[in-house]
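Structural description and commentary
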Amino acid sequence: MKKLIIYFLSLVSLLSTTNVFSNPKNMIQVSAGWFTMGSDNRAADQKPSHRVYLDTFEIGEYEVTNQEYYEFWKITGTHTPENFPPAHGVGLWPDRALEYPLYPVVGVSWYDAMAYAQWAGGRLPTEAEWEKAAAGPTGRLWPWGNALKPYANIWNGSDGYDDMIAPVGHYPKGKSYYGAMDMAGNVWEWTSDWYSDVYYAYTANKNPKGPKVGSWRVIRGGSWIDNINRCSTTFRLQLYPISRVSFVGFRLARSVDSGE
Amino acid sequence: MLVNPKTMVVLSKVVRMISIFWSNFVFIYSFAVGQTNADLQHLKHVAHLDHGIRLMFQGSIPGALDELERSLAIEPDHYEIHHYLAMAYEEGGRWNSVILATAKSLELKPNNVEALYLRGKAFFNLGKWEEASKALQKAIDYAPRHARALKTLGKTQIQRRQFVEASSILSKASELNPLSTITWYYLGMANLNQGNYKEAILHFEKSIQLAPTFPQSHHGLGTAYLRIGERGKGQEEMLQFQQLQKDATEHERLSRLTQAEPENIEALDELAKLSMKRENYPLAVKTFQRCIELDPRDISHYLGLSHAFMSLGHPIPSKDTLLHAIELSPNQSILYNTLGSAYVMMGDISKAIQSFQKAVGLDPEIPFYHLNLARVYEKTGHIKKAAEHYQAYESLVEQP
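Since we're looking at a predicted model, the values are computed, not measured. (Residues numbered from 1 in each chain as written. Chains lettered and ligands numbered in written order. Predicted model: local features only at pLDDT ≥ 70, side-chain atom pairs only at ≥ 80, totals over all residues. Heavy atoms only, no water.)

All right, on to the overall build of chain B then. Per the secondary structure count, chain B includes 21 helices and zero strands. Taking all 400 residues of chain B together, 47% fall into the buried category. Taking the contacts inside chain B whose residues are at least 6 apart along the sequence as the reference set, 44% of them involve residues at least 24 apart. (Helix = DSSP H or I, 4+ residues; strand = E, 2+ residues; numbered from the N terminus. Buried < 20%, exposed > 50% of the residue type's maximum accessible area, 1.4 Å probe, protein only. Contact = heavy atoms within 4.5 Å.)

What follows is the structure, encoded as structure tokens:
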């Protein structure tokens, strides 16, 4: 009988950590093909620009929201986001999830993001996938194009969300070629790759997955604390994967061919 | 094995019910624990850390240092925060503090490659070559493809006059990062010191190719030429070095001045132009944008910004900048001429022709407006019109 109970509890735990009933919502398909990654005219770690081929994949239309992460947290009871002193869009967890359900979840480490992604039936995008989804096939400087426009939540943006996070999808004109929202500004986004400032010099040109080892993980897209140049589609930044800060969140990706 | 569909439905309902019970239990438990263990000190720690990293990202180093130090005063055992602190000290050039902070980070996580690299770099900057060499070698042992650690170790070996070893290490660094001007320069220096002048020339040339305005590479190249008896080439490079050094000094002066007086528009304007000359286009963009913020009616700033964007290979923001300037001042021929160039870069030849025509119409005495128009006419097969404007260009150039 005891063995049976243990078996039963193990089964329930397993079901709780992998959400077999769920399927990531609002995913956008990015078709297979080549694009130009990096830039020869910007910071050293973006050089050289190089052609990269990616298989078809899907990317979240929005960053993962408090509401979505709350479901995961409620079921698994693990990977609690960091608590912050109350402010617009942040504050104590889980209160902030209920108060700001449609805001991107922040204060999550890379490991938290990975756990959520696995539970939700997706994964984090690779750095190359993230850049293609943001820049499109023609290598836009910002997701919406190459002109400086107030289409993102950035530092001193004077758009009603100065000095604070905005709800996801608040800047529809800022969507990328493929239709992904908020890929510039609002919150930085974890990618699955380790960071190396010289990786572009020796990267594989088909489905690159980042360096094999590293200390930091790559974050992309800039946030409300950053100026427009740091929110460009090629800008790279790194953060320790254990760091839980109030301006870093994530979005999901999913491979299409493997049927993840 | 076939399972009765009814049994499947019942089973899945049971599993679902148990799952709901379990998840609610976990939720209630976590919430209760979260409430009772609410730790104000931890919240303070998180707030300081969060603010510190934010300020560091924004380049406000003194504020970042203050916040990170406060964060560590509450919870001192986070290796990553000691490293973030070291990174902030590095920005301020406080190398002794970098050494202390990395020591703490490494105590908590001895294989932290980035902390080892930063520690090596700090020792290098303090002139402690032996300590630098040890820390960097350790970083490379953990991460053999760490190009920055290899580069700094190569530089350290040059300081230790271990030129053969330096050459080998820097060669590896240049394979990993062939776009590093500094690595090629030091590889040149390692060879120069070994008397390998031909190799040194190749490496200095590579460095100059990547960054033509980096003065030291010209000095190295000039020295190598003089050593092999090529006096003419040697002198030419040395003169180039002197001019670039002069520009670098002026750049330093203007940077300091504009930091001290952020609204000094003359200094900002000079800094933006000098940045263009030194091919530091990102800085030129930033500085021209600041000039426009301070004096939005001065057309020259828009013109400078549009040139800087084009030099970065971004014709669209260049075009947008020029169109904005034209709204402010619709009769400036130079704006139309530059707009024409932006359209050429964008591949929109018909709009380029219109813009160059407008420039010629406003100022028919400027030779290069005709030249630009002739070139685009030629490109589109309008040979007769191209010939007319080539002729106009030549006759204007020939005028005394």
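When pLDDT is averaged along chain A, the result is 88, and 88% of the positions lie at 70 or above. Segment residues 1–18 of chain A is flagged for pLDDT under 50; beyond a separation of four residues in sequence, or across chains, it makes 14 contacts in the model. (pLDDT = per-residue confidence, 0-100.)

It is worth spelling out the pattern of salt bridges at this point. Summed over the entire model, instances satisfying the criterion amount to 23 salt bridges over all chains. The salt bridge involving A:Asp197 is made with B:Arg148; its shortest N-O contact spans 2.8 Å. You can see A:Asp197 sitting in the loop between β5 (188–194) and α6 (199–202) and its partner B:Arg148 sitting in helix α8 (residues 147–159), one on each of two chains. B:Arg148 shares its class with A:Asp197; the two are buried. Across the pair B:Glu114 and B:Arg148 runs a salt bridge whose closest N-O atoms are separated by 3.2 Å. Separated by 34 residues along the polypeptide, B:Glu114 in helix α6 (residues 113–125) and B:Arg148 in helix α8 bring together distant segments of the chain. Assessed through its relative accessible area of 18%, B:Arg148 is described here as buried. If you follow the salt bridges from partner to partner, you end up with A:Glu127, A:Glu131, A:Arg220 and A:Arg236 in one network. (Salt bridge = Lys/Arg side-chain N within 4 Å of Asp/Glu carboxyl O.)

Taken together, the contact between chain A and chain B spans 49 residues of the former and 43 residues of the latter. Carbon and sulfur atoms make up 67% of the area that chain A and chain B hide from each other, which totals about 4100 Å². On the chain A side of the interface with chain B, the three residues burying the most area are A:Asn41, A:Trp216 and A:Tyr240, jointly 14% of the side's total. Seen at the junction of chain A and chain B, the total is one salt bridge. Linking chain A with chain B are ten residue pairs in polar contact (both at pLDDT 80 or more). Listing elements by their share of the side of chain A that touches chain B, those giving two or more residues are α1 (2–17), α2 (66–76), α6 and β7 (236–239) of chain A. Partitioned by chemical class, the residues of the side of chain A that touches chain B number 31 nonpolar, eleven polar and seven charged. (Buried area = accessible area lost by both parts, 1.4 Å probe. Polar contact = N/O pair within 3.5 Å; in protein donor to acceptor, adjacent residues only side chain to side chain. Nonpolar A, V, L, I, M, F, W, Y, C, P; charged D, E, K, R; others polar.)

Residue and element names in this part refer to chain A. Here strand β4 (residues 57–60) shows no split at all, with Phe57 and Ile59 on one side and Glu58 and Gly60 on the other all buried. Sheet topology note: the strand β1 (residues 27–30)/β4 ladder contains four bridges and is antiparallel. What sits directly across from methionine 27, in β4, is glycine 60. In the sheet, β4 pairs with strand β9 (residues 253–255) via three bridges, with the strands oriented antiparallel. Counted as the bridge partner of glutamate 58 is arginine 254 from β9. (Pairing = 2+ DSSP bridges.)

This next bit is on the packing of aromatic side chains. On inspection of all chains with the given rule, the structure shows 31 aromatic pairs over all chains. With 6.4 Å between their ring centres and 55 degrees between their planes, A:Tyr70 and A:Trp93 make a pair best called tilted. Note that A:Tyr70 is positioned in helix α2 and A:Trp93 in the loop between α2 and α3 (95–99), a separation of 23 residues in sequence. Each member of the pair A:Tyr70 and A:Trp93 is classed as buried. Ring geometry for A:Tyr199 versus A:Tyr202: centroids 5.6 Å apart, planes at 85 degrees, classification edge-to-face. Here A:Tyr199 pairs with A:Tyr202, and both are found in helix α6, just three residues apart, close to one helical turn. Residue classification places A:Tyr199 among the buried positions, given a relative accessible area of 7%. Between the NZ or CZ atom of A:Arg236 and the centre of the ring of A:Tyr200, over which it lies, the distance is 4.4 Å. The ring centre of A:Tyr202 lies 4.2 Å from the NZ or CZ of B:Arg145, which sits over that ring. (Phe/Tyr/Trp six-rings, centres within 6.5 Å; stacked < 30°, edge-to-face > 60°. Lys NZ or Arg CZ within 6 Å of the ring centre and 35° of its normal.)

All names here are of chain A. With mixed pairing, the four strands of this open sheet are ordered in space as β7-β6-β5-β8. Looking along the sheet, the strands with just one partner apiece sit at the ends: β7 and β8 (248–249). Pairing of β5 with strand β6 (residues 217–220) involves three bridges; the strand directions are antiparallel. Each residue of the ladder has a partner; that of tryptophan 194, found in β6, is arginine 217.

Glancing now at the sheet that holds β1(A). Residue and element names in this part refer to chain A. The antiparallel open sheet is built from three strands, whose spatial order is β1-β4-β9. Unpaired on one side and paired on the other, β1 and β9 mark the two borders of the sheet. The sheet shows a mean angle of 25 degrees between the axes of neighbouring strands, taken without regard to direction. In the packing of helix α5 (residues 127–135) onto the sheet, the strands contacted are β1, β4 and β9, and the crossing angle to β4 comes to about 75 degrees. (Axes fitted to C-alpha atoms, helices over the stretch in contact; angles between N-to-C directions.)

Our focus in this paragraph is the packing of helix α5 (residues 95–108) of chain B against α6(B). Residues and elements named next belong to chain B. At a closest axis distance of 9 Å, the pairing of α5 and α6 adopts a crossing angle of 155 degrees. Judged by the angle between their axes, α5 and α6 are roughly antiparallel. For the pair α5 and α6, the crossing hand works out as left-handed. Contacts between α5 and α6 involve Trp95, Val98, Ile99, Thr102, Ala103, Ser105 and Leu106 from the former and Ala115, Leu116, Leu118, Arg119, Lys121, Ala122, Phe123 and Asn125 from the latter. Taken together, the residues of the contact of α5 with α6 break down into ten nonpolar, three polar and two charged. (Parallel < 35°, antiparallel > 145°, perpendicular 65-115°, else oblique. Left-handed = near helix turned anticlockwise from the far one by under 90°.)

Here we take up helix α7 (residues 129–142) of chain B. At 3.6 residues per turn, the α-helix brings residues three or four places apart onto the same side. Residues and elements named next belong to chain B. With 14 residues, α7 extends 20 Å from end C-alpha to end C-alpha; this agrees with the ideal 20 Å at 1.5 Å per step. For α7, every residue scored as buried is listed here: Ala132, Ser133, Ala135, Leu136, Ala139 and Ile140. Contacts from the buried residues of α7 go to α6 and α8. (Expected span 1.5 Å × (residues − 1).)

Turning our eyes to something else, we now look at the side chain of A:Asn66. Residue and element names in this part refer to chain A. Among the secondary structure elements, asparagine 66 is positioned in helix α2. With a relative accessible area of 0%, asparagine 66 lands in the buried category. Once residues lying within four places of it in the same chain are set aside, the contact partners of asparagine 66 are Trp93, Arg96, Ala97, Tyr100, Pro101, Tyr103, Pro104, Val105 and Val106.

Counting 91 residues, the largest nonpolar core has A:Tyr69 and A:Phe250 as the members making the most contacts within it. In this structure, B:Leu305, B:Leu339, B:Tyr343 and B:Tyr369 belong to the second largest nonpolar core, which totals 32 residues. (Core = buried A, V, L, I, M, F, W, Y, C linked by side-chain atoms within 4.5 Å.)

Another aspect to go through is the environment of A:Ile225. In this structure, A:Ile225 sits in the loop between β6 and β7. Looking at A:Ile225, the relative accessible area reads 2%, which means it is buried. For the pair A:Ile225 and A:Val187, spaced 38 residues apart in sequence, the C-alpha to C-alpha distance is 8.5 Å. Those residues in contact with A:Ile225 that lie beyond four places of it in its chain are A:Trp155, A:Phe247, B:Arg54, B:Phe57 and B:Gln58.

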